[in-house]
Amino acid sequence: MTTVRLWSDDEAAADPAVKAVFDDIRATRKSDFVNNFWRALANDPAALARTWESLKAVMLADGPLDPMTRELIYIAVSTANGCSYCIHSHTAAARARGMTDAQHGHLMAIIGMAAQTNALVTALQVPVDEAFLVKTD
């Protein structure tokens, strides 16, 4: 259960700052759907606007990583952080970008392998190899 009120479309329409962000979300995504994350953030219009702008800059603007790769990374980090909402949201986004069941299965194998080896290296306190360190001379 949420710890804050989820804003309805009527409530958002009555607040110019929230309405502007919701309108931009709809226009950017070419959809009438504004998900619950944004509806929860609407309780703090400045945080809503700041977070939406940051998300657009990182996830939607042109960059060296393609959109599918960005979604896969988001799923992996959300898994590591235990964020069920973001796992679901970004898995849906990756599927909308064409992620297949085989790709999803491979991603799950990679996430599981990383979790296992991360735990082992942490428990064993393995020092980082000199060859892996970036030289900054």
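Residues numbered from 1 in each chain as written. Predicted model: local features only at pLDDT ≥ 70, side-chain atom pairs only at ≥ 80, totals over all residues. Heavy atoms only, no water.

Engineer: When you look at the layout of surface pockets in this model, what are you seeing that I'm missing?
Structural biologist: If a probe as big as a water molecule is rolled over the atoms, it shows which places are left empty. Approximately 520 Å³ is the volume found for the largest pocket. Forming the walls of the largest pocket are 24 residues, and the residues nearest its centre are Arg29, Glu71, Ser89, His90 and Ala93. Those elements that provide at least two residues to the lining of the largest pocket are helix 2 (16-29), helix 3 (36-41), helix 4 (45-60), helix 5 (67-81) and helix 6 (84-96). Among the elements that take part in the lining of the largest pocket, helix 6 stands out by supplying seven residues, more than any other. (1 Å grid on protein atoms, 1.4 Å probe; cavity = no way out; pocket = protein on both sides within 12 Å on 5 of 7 lines; lining within 4 Å. Points joined across faces, edges and corners; volume = space filled by probe spheres on them. Helix = DSSP H or I, 4+ residues; strand = E, 2+ residues; numbered from the N terminus.)

Engineer: Mind showing me how you'd approach the nonpolar core here?
Structural biologist: Taken as a class, soluble globular proteins show a tendency for nonpolar side chains to be buried jointly. Membership of the largest hydrophobic core comes to 14 residues, with the highest contact counts inside it found for Val18, Phe22, Ile25, Trp38, Ala42, Leu48 and Trp52. Elements represented by at least two residues in this core include exactly helix 2, helix 3 and helix 4. With near-sequence residues (within four places) excluded, Trp52 lies in contact with Val21, Asp24, Ile25, Thr28, Arg29, Trp38 and Leu60. The next biggest cluster of nonpolar side chains, apart from the first, holds six residues, and it includes Met68, Ile75, Met99 and Ile111. (Core = buried A, V, L, I, M, F, W, Y, C linked by side-chain atoms within 4.5 Å. Buried < 20%, exposed > 50% of the residue type's maximum accessible area, 1.4 Å probe, protein only. Contact = heavy atoms within 4.5 Å.)

Engineer: What is the right way to look at the UniProt feature "domain: Carboxymuconolactone decarboxylase-like" (unreviewed entry) in the protein chain in this model?
Structural biologist: Taking the numbering used here, the UniProt-annotated feature "domain: Carboxymuconolactone decarboxylase-like" (unreviewed entry) corresponds to residues 47-126. Helix and strand shares over residues 47-126 are 82% and 0% respectively, and the end C-alpha atoms of the span are 40 Å apart. (UniProt positions renumbered as here; feature names shortened; annotations may be inferred.)

Engineer: How should I be thinking about the pattern of salt bridges in this particular structure?
Structural biologist: A side chain of one charge can pair with a side chain of the opposite charge if their charged atoms are brought near each other. Using the criterion set out here, one finds nine salt bridges in the structure. In this structure, the salt-bridge partner of Asp9 is Arg26, at a minimum N-O distance of 2.8 Å. Of this pair, Asp9 sits in helix 1 (residues 9-13) while Arg26 sits in helix 2, placing them 17 residues apart in sequence. On the basis of relative accessible area, Asp9 is assigned to the partly exposed category, the value being 37%. (Salt bridge = Lys/Arg side-chain N within 4 Å of Asp/Glu carboxyl O.)

Engineer: In this structure, what is going on with helix 4? I would like to understand it.
Structural biologist: Residues separated by three or four positions in an α-helix point in the same direction, a consequence of the helix having 3.6 residues per turn. Taking 1.5 Å as the rise per residue, helix 4 with 16 residues should run 22 Å; its terminal C-alpha atoms sit 21 Å apart, in good agreement. By the burial criterion, the buried members of helix 4 are Ala47, Leu48, Trp52, Leu55, Lys56 and Met59. All buried residues of helix 4 lie within an arc of 160 degrees about the axis, which places them on one face of the element. Away from the buried face of helix 4 by more than 90 degrees, exposed residues Arg50, Ala57 and Val58 are located. Structurally, helix 4 contributes buried residues whose contacts are with helix 2, helix 3, helix 5 and helix 6. (Expected span 1.5 Å × (residues − 1). Arc of directions from axis to C-beta.)

Engineer: How should I be thinking about the packing of helix 4 against helix 5 in this particular structure?
Structural biologist: Each pair of packed helices can be summarised by the angle the axes make with each other and by the distance between the axes. Contact pair helix 4 / helix 5: the axes reach a minimum separation of 9 Å and the direction vectors enclose 120 degrees. Between helix 4 and helix 5, the crossing angle belongs to the class labelled oblique. The residues of helix 5 that touch helix 4, namely those facing Val58, Met59 and Leu60, are Arg70, Glu71 and Tyr74. (Axes fitted to C-alpha atoms, helices over the stretch in contact; angles between N-to-C directions. Parallel < 35°, antiparallel > 145°, perpendicular 65-115°, else oblique.)

Engineer: Is there a simple way to think about the packing of helix 2 against helix 4 in this case?
Structural biologist: With their axes 9 Å apart at the nearest point, helix 2 and helix 4 run at an angle of 20 degrees to one another. Classed by the angle they form, the pair helix 2 and helix 4 counts as roughly parallel. Of the two possible hands of crossing, helix 2 and helix 4 adopt the one that is left-handed. On the side of helix 2, the interface is formed by Ala17, Val18, Val21, Phe22, Asp24, Ile25, Thr28 and Arg29, while helix 4 contributes Pro45, Leu48, Ala49, Trp52, Glu53, Lys56 and Leu60. Considered class by class, the residues forming the contact of helix 2 with helix 4 number ten nonpolar, one polar and four charged. (Left-handed = near helix turned anticlockwise from the far one by under 90°. Nonpolar A, V, L, I, M, F, W, Y, C, P; charged D, E, K, R; others polar.)

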